[in-house]
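Residue strings, one per chain:
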Amino acid sequence: MSDAIDSGWAAWLPLELLDALAAAGSGAAARRALRERLRRGPDAISAERWERFRLVAPSRIDVPWSADGLDEATCYRLLEELGLVAGAPPRRIHAEAVELVLTLDHDDLRELERIRAARDVGGAGSPLPADMPSLDFVLGAGTGRNEPCPCGSGRKFKRCHGR
């Protein structure tokens with residue numbers, strides 16, 4: 001799996017394709033396990049990873065809309081187009097570094113802006129909570145060097161936060 005991790009694809013590959021990559025060039029047991037996984041179909045986590053993969057896959061690759069009905073040949077075709085396997089039977093190859101570029105359509109961009117706005121503390125219409133400290137607060141402002149540190153450590157300010 002180190003080749004896929006080096007190439008940057010491991011974080012984006014759907015679980016079905018990760019299993020196909022592991023089965024490439026492996027024994028009969030790994031190939032049987034892959035066929036069984038494909039027969040069962042995707043679970044919720046696999047479906048979510050497949051959706052993310054469709055967003056980042058290069059446009060030259062024809063990615064199916066879902067992992068339902070996926071077969072071995074399609075898995076290996078996708079891996080070959082990504083440059084992770086080659087040959088017949090498919091064998092893992094040393095992958096080159098991949099730069100992932102995410103392109104968003106209008107709806108995806110609006111969703112991203114909504115998420116960013118929700119994280120924006122103090123944005124329009126969202127007052128700061130009363131228990132949040134002020135950004136202007138400086139720990140120890142007005143504290144003498146030999147006085148106890150205001151952080152509560154019990155040490156002198158000069159030995160704690162007064163450095």
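Scroll up to find the structure this text is about.
Residues numbered from 1 in each chain as written. Predicted model: local features only at pLDDT ≥ 70, side-chain atom pairs only at ≥ 80, totals over all residues. Heavy atoms only, no water.

## Some points on the packing of aromatic side chains
To keep things clear, this is the line we draw: Aromatic rings from Phe, Tyr and Trp, taking only the six-membered ring of Trp, are treated as a pair when their centres fall within 6.5 Å; an angle between ring planes under 30 degrees marks them as stacked, one over 60 as edge-to-face, and anything in between as tilted. The helix count covers DSSP runs of H or I at least four residues long, the strand count covers runs of E at least two residues long, and both are numbered beginning at the N terminus. In this scheme, a residue with accessible area under 20% of its type's maximum is buried, one over 50% is exposed, and one in between is partly exposed, where area comes from a 1.4 Å probe on protein chains only.
Counted under the stated rule, the structure contains 1 aromatic pair. Summarising the aromatic geometry, the rings of tryptophan 50 and phenylalanine 53 are spaced 5.9 Å apart at their centres and angled 55° between planes, so their arrangement reads as tilted. Taken together, the positions of tryptophan 50 and phenylalanine 53, both in helix 4 (residues 44–56) and 3 residues apart, correspond to about one turn of that helix. The class of tryptophan 50 is buried, set by a relative accessible area of 1%. Judged by relative accessible area, phenylalanine 53 falls into the buried class, the value being 0%.

## A short note on the side chain of glutamate 72
Using the following cut-off: Any N or O atom pair separated by 3.5 Å or less is treated as a polar contact, with the protein-specific requirement of one donor-capable and one acceptor-capable atom, and with residues adjacent in sequence counted only for side-chain atom pairs. Between two residues, a contact is recorded if the distance between any of their heavy atoms is within 4.5 Å.
For glutamate 72, the location among the structural elements is in helix 5 (residues 72–81). In terms of polar contacts, glutamate 72 uses its side chain to reach the side chain of arginine 35, at 3.3 Å. Aside from chain neighbours lying at most four places away, what touches glutamate 72 is Arg31, Leu34, Arg35 and Leu38.

## A short note on the nonpolar core
Our working rule: As used in this record, nonpolar core signifies buried Ala, Val, Leu, Ile, Met, Phe, Trp, Tyr and Cys residues forming a set joined through side-chain atoms within 4.5 Å.
Leu13, Leu17, Trp50, Phe53, Val63, Tyr76 and Leu79 are the most contacted members of the largest nonpolar core, which has 23 residues in total. Only helix 2 (15–23), helix 3 (28–40), helix 4 and helix 5 provide two or more residues apiece to this core. Ranked by the residues each element gives to this core, the list is headed by helix 2, at 5 residues. Residues within four places of tyrosine 76 in sequence aside, it is in contact with Ala20, Ala23, Ala24, Leu34, Val85 and Pro90.

## Digging into the packing of helix 2 against helix 4
The test is simple: What counts as an axis is a line fitted to C-alpha atoms, over the stretch in contact for a helix, and the angles between N-to-C directions run from 0 to 180 degrees. If an angle is under 35 degrees, it is roughly parallel; if it is over 145, roughly antiparallel; if it lies from 65 to 115, roughly perpendicular; otherwise it is oblique. Note that Gly is not counted as nonpolar here; it falls among the polar residues with everything else outside the nonpolar set of Ala, Val, Leu, Ile, Met, Phe, Trp, Tyr, Cys and Pro and the charged set of Asp, Glu, Lys and Arg.
In the contact formed by helix 2 and helix 4, the axes pass within 8 Å of each other and the chain directions differ by 90°. Judged by the angle between their axes, helix 2 and helix 4 are roughly perpendicular. Contacts between helix 2 and helix 4 involve Leu15, Glu16, Leu17 and Leu18 from the first element and Ile45, Ser46, Arg49, Trp50 and Phe53 from the second. Across the contact of helix 2 with helix 4, the residue classes tally to 6 nonpolar, 1 polar and 2 charged.

## Section: helix 4
Defined as follows: A helix is expected to reach a length of 1.5 Å times the quantity of its residues less one. This arc is taken over the directions from the axis of the helix to the C-beta atoms.
An ideal rise of 1.5 Å per residue puts 18 Å on 13 residues; helix 4 measures up with 19 Å between its terminal C-alpha atoms. Taken as a whole, helix 4 has its buried residues at Ser46, Arg49, Trp50, Phe53 and Val56. One side of helix 4 carries all its buried residues, which in axial view fall inside an arc of 125°. On the buried face of helix 4, the contacting elements are helix 2, helix 3 and helix 5.

## Details of the pattern of salt bridges
Counted only if it meets this: Whenever a carboxyl oxygen of Asp or Glu lies within 4 Å of a side-chain nitrogen of Lys or Arg, that contact is scored as a salt bridge.
For the structure shown, the criterion picks out 6 salt bridges. The salt bridge involving arginine 35 is made with glutamate 72; its shortest N-O contact spans 3.3 Å. Here arginine 35, found in helix 3, pairs with glutamate 72, found in helix 5; they are 37 residues apart in sequence, far enough to count as distant. The salt bridge partner of arginine 39 is glutamate 36, with a shortest N-O separation of 2.4 Å. Of this pair, arginine 39 and glutamate 36 both sit in helix 3, separated by 3 residues, roughly a single helical turn. Judged by relative accessible area, which is 31%, glutamate 36 ranks as partly exposed.

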